[in-house]
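# Analysis of the macromolecular model
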Amino acid sequence: MNLARRMSRLGTESAFEVLARAKALEAQGHDIINLGIGAPDFHTPANIVDAGCRALVDGYHFYTPAKGLPDLRAAVTEDIKKYRGVDVDPNHVMIVPGGKPTMFFAMLMFGEEGREILYPNPGFPIYESMIEFSGAKAVPIELREESGFTFDPDEVLAKITPATSLMIINTPANPTGGLIGKAELDRLVEGLEAHPHVTILSDEIYSRMTYDGLEHQSLLAYESIRDRTILLDGWSKTYSMTGWRLGFGVWPADLIDQAERLQINSNSCPSAPVQMAGIEAFRGPQDEVDKMMKTFDERRKLIVDGLNAIPGFSCVMPRGAFYAFPNITGTGMSSRDLQNLLLTKAGVATVSGTSFGAMGEGYIRFSYAAGTEEIERALERVANCLQTA
Ligand code: PLP
């Protein structure tokens, strides 16, 4: 087959591969505890499920406007006002099937041979994959454990060249659980003012998932870069709706029509009944989200304490999202070998740090989207496995 060359540059998201291997082992009768995939394990709140079912019964069976239902776009602007304190024009909001399409569209708009795109490393694997696919050069923003997996803004700014077209920032972050502070973002934005050719993709899909009273700081709140900031967010994580496929982007005035055209060329529009569920999620009661975050917080402490008690592991306390990202260099094993050992010998699915970029070597990701009892059993299995390895 005469396949396009760019297909050889397309990567993947290893968490899905680990999930497939874990399922295959389960099918063979193995007992696997899955701490690999980044999906909350809670049921979507009942009021949201009811709204989706009602929409199907009420006849939401057809195409909607490409950018999404006007009422949902209005609900998005209300949510942004409530949680980010920013006024957004609903015409700049585009609803998409999940968080990923906004990312995909931004890469298609800004990536090509001769361009450079800055992205966090370790970071969500699709960034590097899609940058490579687009033909652009992937330039890592290195996130280091010593600084709680944030970055030095001046180091990031120094990486900008005339070829830089896009900078991706993710806070709170996958896979590190890092949260970028206001001081770092203030300095970054100040520096970006000298580089008006750089567009910013701010992936804030974990914006509601922070701990210890820490506040998520949105890049959308910075007036000086508003006309070149793309906000990515969605319902997957906050409302435990990963399988519904619902997300949104807020696009600058100069890009929204291009984004809409990409949507028309790919998805046509997001699913109509799912959009109705999205309205209920934003406008309905939020106590299920609060409850979920309280549970995540308890698990966070449990897993970090447990990991730190395992010889060879050391784990900083995540400040957002629902991942622990321990340093495993003390085990003497590579991340990939340890991931494989834990899956096949301990029956615990995790994701090697290298699945999130070269800077992830020496780390392994545990998602704590699992029950307390499962986490306790997983920790015991990991400890026993390493003792006998
Ligand atoms: N951005 C980050 C940082 C993520 O971790 C994820 C999912 O894991 C996504 C985007 C994609 O979200 P969705 O599943 O809604 O496409």
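Attention in this report is confined to the structure presented alongside it. Since we're looking at a predicted model, the values are computed, not measured. Note on numbering: residues in each chain are counted from 1, in written sequence order. Only residues with pLDDT of 70 or above have their local features reported here, since the model is predicted, and side-chain atom pairs are shown and tallied only from 80 upward, although totals for entire chains, interfaces and linings are computed over all residues. No hydrogens and no water enter the side-chain calculation; it runs on all heavy atoms of the structure.

### Some words on the overall build of the protein chain
Think of it this way: any DSSP run of H or I at least four residues long counts as a helix, any run of E at least two long counts as a strand, and we number them from the N terminus. The number of helices and strands found in the protein chain is twelve helices and twelve strands. Compactness check: the protein chain gives a C-alpha radius of gyration of 21 Å against a globular reference of 21 Å for 389 residues, within 12% of the reference. Projecting the C-alpha coordinates of the protein chain onto the three principal axes gives extents of approximately 60 × 55 × 55 Å. Buried residues in the protein chain amount to 56% of all 389 residues. For the protein chain, the computed accessible surface area is about 16,100 Å², with 52% contributed by carbon and sulfur atoms. Each radius of gyration is computed over the set of C-alpha atoms, and the globule rule expresses the reference value as 2.2 Å times the number of residues to the power 0.38. Only protein chains enter the accessibility calculation, which uses a 1.4 Å probe. A residue is then buried if its area is under 20% of the maximum for its type, exposed if over 50%, and partly exposed in between. Only the protein chains shown count as cover for residues, and all accessible areas are computed by the Shrake-Rupley method using a 1.4 Å probe.

### Overview of the site of the ligand
Near the ligand you find 14 residues, and of these D203, Y206, S236, K237 and R245 are the closest. K100 has a polar backbone atom sitting 3.0 Å from an oxygen atom of the ligand. Taking Y206, its side chain carries an N or O atom lying 2.7 Å from an oxygen atom of the ligand. Here the ligand loses 94% of its free accessible area of 400 Å² to cover by the protein chains. Class assignment for the residues of the shell around the ligand results in five nonpolar, five polar and four charged. Whether a residue is near a molecule or strand depends on its heavy atoms: it is near if one of them lies within 4 Å of it. Under the rule applied, a polar contact is a pair of N or O atoms within 3.5 Å (in protein, one hydrogen donor and one hydrogen acceptor; residues adjacent in sequence only if both atoms are side-chain atoms). Residues were grouped as follows: Ala, Val, Leu, Ile, Met, Phe, Trp, Tyr, Cys and Pro as nonpolar; Asp, Glu, Lys and Arg as charged; and all remaining residues, including Gly, as polar.

### Section: the sheet that holds strand 8 (residues 247–250)
Here seven strands make up an open sheet; going across it, the order is 2-8-7-6-5-3-4 and the pairing mixed. With partners counted over all chains shown, the strands left at the sheet margins are strand 2 (93–96) and strand 4 (137–142), one partner each. On average, each strand axis in the sheet is inclined to that of its neighbour by 20°, with strand direction left out of account. Any two strands between which DSSP finds at least two bridges are classified as paired. Axis definition: a line fitted to C-alpha atoms, limited for helices to the stretch in contact. Angles are taken between N-to-C directions and run from 0 to 180 degrees.

### Looking at the pattern of salt bridges
Whenever a carboxyl oxygen of Asp or Glu lies within 4 Å of a side-chain nitrogen of Lys or Arg, that contact is scored as a salt bridge. Under the counting rule described, the total for this entry stands at 25 salt bridges. Where D233 meets R84, a salt bridge forms, and the shortest distance between an N and an O atom there is 2.8 Å. Linking D233 in strand 7 (residues 229–234) with R84 in helix 3 (residues 70–84), this pair joins segments that are 149 residues apart in sequence. Comparing D233 with R84 shows no difference in burial state: the two are buried. In this structure, E142 engages K159 in a salt bridge whose closest nitrogen and oxygen atoms are separated by 3.8 Å. Placement of E142 in strand 4 and of K159 in the loop between helix 6 (153–157) and strand 5 (164–170) is noted, with a sequence separation of 17 residues between them. Judged by relative accessible area, which is 21%, K159 ranks as partly exposed.

### Some remarks on the packing of helix 4 (residues 100–110) against helix 8 (residues 256–266)
Their axes nearest at 10 Å, the elements helix 4 and helix 8 cross at an angle of 115°. The orientation of helix 4 relative to helix 8 falls into the category roughly perpendicular. Considering only the axes of helix 4 and helix 8, their crossing is right-handed. Counted together, F105, L108 and M109 of helix 4 and Q258, A259, L262, Q263 and S266 of helix 8 form the full contact between these two elements. The residue makeup of the contact of helix 4 with helix 8, split by class, is five nonpolar, three polar and no charged. For classification purposes, angles smaller than 35 degrees are called roughly parallel, those larger than 145 roughly antiparallel, those between 65 and 115 roughly perpendicular, and all remaining angles oblique. Left-handed describes a crossing whose near helix is turned anticlockwise from the far helix through less than a right angle; right-handed describes the clockwise counterpart. Contacts are residue-level and defined by heavy atoms, with any inter-residue pair within 4.5 Å sufficient.

### Details of the environment of G178
With respect to the helices, strands and loops of the structure, G178 is situated in the loop between strand 5 and helix 7 (182–192). Each residue touching G178, except ones within four places of it in the same chain, is listed here: G148, F149, T171, P172 and A173.

### Overview of the pairing of strand 8
Where burial is concerned, the two faces of strand 8 agree: the one with G247 and G249 and the one with F248 and V250 are both buried. In this sheet, strand 8 lies alongside strand 2 in antiparallel orientation, the contact comprising four bridges. Bridge assignment links V93 to a residue of strand 8, and that residue is V250. Where strand 7 and strand 8 come together, four bridges link them in antiparallel fashion. In the strand pairing of strand 8, L231 is matched with V250.

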